[in-house]
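# Structure at a glance
The residues making up each chain are set out below.
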Amino acid sequence: MAITRDFIKYKHYGECIRLSNGEVELVVSIGFGPRILRYAYVDGPNILCNDEERFKPSTSDEFQKYYGEGRYFNLYGGHRLWTSPEYYPEMYYPDNDPVEYECFPDGLILTPPPQEE
């Protein structure tokens, strides 16, 4: 089954890439993340949660000391890959910067900026 790829603006998340095989679709962020923001049957409900309010839970003194003044972690929703076990604040790296991407006929590679902390 052929995969189609479209550059779209998804909800309030901005620039994203939509991949679809005609039956299911995946929307991934490229303006931040990367995050998988949507996984669903075409025209069906999203099985992933989207944080419509952009709740910013990680702005504690400990977080600011670890990552720097003014840095924060947005939940955004969707799904992001990270290692386990979960530790705070190490696992909550602020992924708010644009993502590099490379497109191929059968998919794509998404690369976030290197972590500085």
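Up top you'll find the structure we're talking about.
The structure contained in this document is the topic of the report that follows. Being a predicted model, the structure only gives us computed values, none of them experimental. (Residues numbered from 1 in each chain as written. Predicted model: local features only at pLDDT ≥ 70, side-chain atom pairs only at ≥ 80, totals over all residues. Heavy atoms only, no water.)

Looking now at the nonpolar core. With seven residues, the main nonpolar core is built from Tyr10, Tyr13, Cys16, Val27, Phe32, Leu37 and Tyr76. With sequence-adjacent residues up to four places away left out, cysteine 16 is seen in contact with Asp6, Phe7, Ile8, Tyr10, Val27, Val28, Ser29, Ile30 and Leu37. (Core = buried A, V, L, I, M, F, W, Y, C linked by side-chain atoms within 4.5 Å. Buried < 20%, exposed > 50% of the residue type's maximum accessible area, 1.4 Å probe, protein only. Contact = heavy atoms within 4.5 Å.)

Glycine 33 connects to proline 34 through a cis peptide bond whose omega is 15°. Secondary-structure assignment places proline 34 in the loop between strand 3 (24–29) and strand 4 (36–41). Between tyrosine 88 and the following residue, proline 89, the backbone shows a cis peptide bond with an omega angle of 5°. Counting through the fold element by element, proline 89 comes out in the loop between helix 1 (61–67) and strand 5 (100–104). Phi is positive for aspartate 43, close to 65°, though the residue is something other than glycine. A relative accessible area of 77% places aspartate 43 in the exposed class. (Helix = DSSP H or I, 4+ residues; strand = E, 2+ residues; numbered from the N terminus.)

What the largest pocket holds in volume is close to 510 Å³. The wall of the largest pocket is formed by 25 residues, among which Gly33, Pro34, Arg80, Leu81 and Pro112 lie closest to the centre. Mapped onto the lining of the largest pocket, the elements with two or more residues apiece are strand 3 and strand 6 (107–111). As for the second largest pocket, its lining consists of Arg35, Cys49, Asp51, Phe73, Leu75, Gly77, Gly78, His79, Arg80, Trp82 and Tyr92. Of the residues belonging to the lining of the second largest pocket, the class tally is five nonpolar, three polar and three charged. (1 Å grid on protein atoms, 1.4 Å probe; cavity = no way out; pocket = protein on both sides within 12 Å on 5 of 7 lines; lining within 4 Å. Points joined across faces, edges and corners; volume = space filled by probe spheres on them. Nonpolar A, V, L, I, M, F, W, Y, C, P; charged D, E, K, R; others polar.)

Classification of proline 89 by relative accessible area gives buried; the value is 3%. With 51 residues separating them along the chain, proline 89 and arginine 38 place their C-alpha atoms 26 Å apart. Those residues in contact with proline 89 that sit more than four places away from it in its chain are Glu62, Phe63, Tyr66 and Tyr67.

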